[in-house]
Amino acid sequence: MAAGATIHTFDVQLADVDRGVYNDLTLRVARHPSETDAYMLTRLLAYCLEYDEGIAFTEGVAATDEPAVLVRDLTGRVTAWIEVGAPDATRLHYGSKLAERTAVYTYRDPAKVIANWAGKTIHEADAIVLHSFDAGFLDDAAAALARRNTMTVSVTERQLYLELNGTHLSTAVHEQPIRTV
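Below is a short write-up of the structure. Computed from a prediction, not measured in an experiment: that's the story for all the values here.

With that settled, the discussion passes to the overall build of the protein. The helix and strand inventory of the protein stands at 4 helices and 10 strands. Each helix and strand of the protein, ordered N terminal to C terminal, gives the series β-β-α-β-β-β-α-β-α-β-α-β-β-β. Relative to the 2.2 N^0.38 estimate, which gives 16 Å for 181 residues, the radius of gyration of the protein is 16 Å and therefore close to what a compact globule would have. In terms of its C-alpha atoms, the protein occupies a principal-axis envelope of roughly 45 × 45 × 35 Å. Considering the protein as a whole, with its 181 residues, one finds that 47% of them fall into the buried category. Partitioning the contacts of the protein with sequence separation of at least 6, the portion at a separation of at least 24 is 52%. For the protein, the accessible area works out to roughly 9,100 Å², and carbon and sulfur atoms hold 50% of it.

Glancing now at the pattern of salt bridges. This structure, assessed with the given rule, holds 10 salt bridges. Residues Arg 72 and Glu 66 are paired through a salt bridge, measuring 3.7 Å at the closest nitrogen-oxygen approach. We classify Glu 66 as partly exposed; its relative accessible area is 24%. For Arg 158, the salt bridge is made with Glu 175, and the minimal N-O distance between the two is 2.9 Å. In this pair, Arg 158 is assigned in the loop between strand E8 (148-156) and strand E9 (159-164) and Glu 175 in strand E10 (residues 167-177), connecting sequence segments 17 residues apart.

A word on the sheet that holds strand E7 (residues 129-133). Taken in spatial order, the 10 strands line up as E2-E1-E8-E9-E10-E7-E6-E5-E4-E3 in an open sheet, and their pairing is mixed. Either end of the sheet is taken by a strand with one partner, and the two such strands are strand E2 (21-31) and strand E3 (55-57). Strand-to-strand twist across the sheet, computed as the mean angle between neighbouring axes with direction ignored, equals 25°.

How each quantity is defined
Residues numbered from 1 in each chain as written. Predicted model: local features only at pLDDT ≥ 70, side-chain atom pairs only at ≥ 80, totals over all residues. Heavy atoms only, no water. Helix = DSSP H or I, 4+ residues; strand = E, 2+ residues; numbered from the N terminus. Rg over C-alpha atoms; globule rule 2.2 N^0.38 Å. Buried < 20%, exposed > 50% of the residue type's maximum accessible area, 1.4 Å probe, protein only. Contact = heavy atoms within 4.5 Å. Areas by Shrake-Rupley, 256 points an atom, 1.4 Å probe, with all protein chains shown as cover. Salt bridge = Lys/Arg side-chain N within 4 Å of Asp/Glu carboxyl O. Pairing = 2+ DSSP bridges. Axes fitted to C-alpha atoms, helices over the stretch in contact; angles between N-to-C directions.

Laid out in structure tokens, this is it:
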């Protein structure tokens, strides 16, 4: 029998000064057995950094036709397609055609992620932004993970300040537009 997902609960205080978003969230995040802690944390941070009305986690790695995070308007139309990791060009192309806005958050080397898209067709590639964090940030955050977590996420001038279960960390949120030609 295959192992099931591990549920992590996060009580989050979100203060994104850059976007004027302030909210208290309680999130239940299922970590699939094939997911690393870095992937799950990147997915969680993408949710916080993209937080808007209608945002939701999808089935993550188990979903073959959806990204890790979606934002839908009240009619159900996808307004933001948010990928995590290193999605292939076909997924980005599809998401970019479907949604008003597409973003990628990675826990990998951004230069290698972008290199995989070189020469491939991606709809409105110049409008897609790849977000990444300082080296070691996600590993340090993963060391503080528990099944039940308290977390404060503060963002100002693209600097992210994270307090996770008493561990204080910070990183720049790096942004790189992707170009496929």
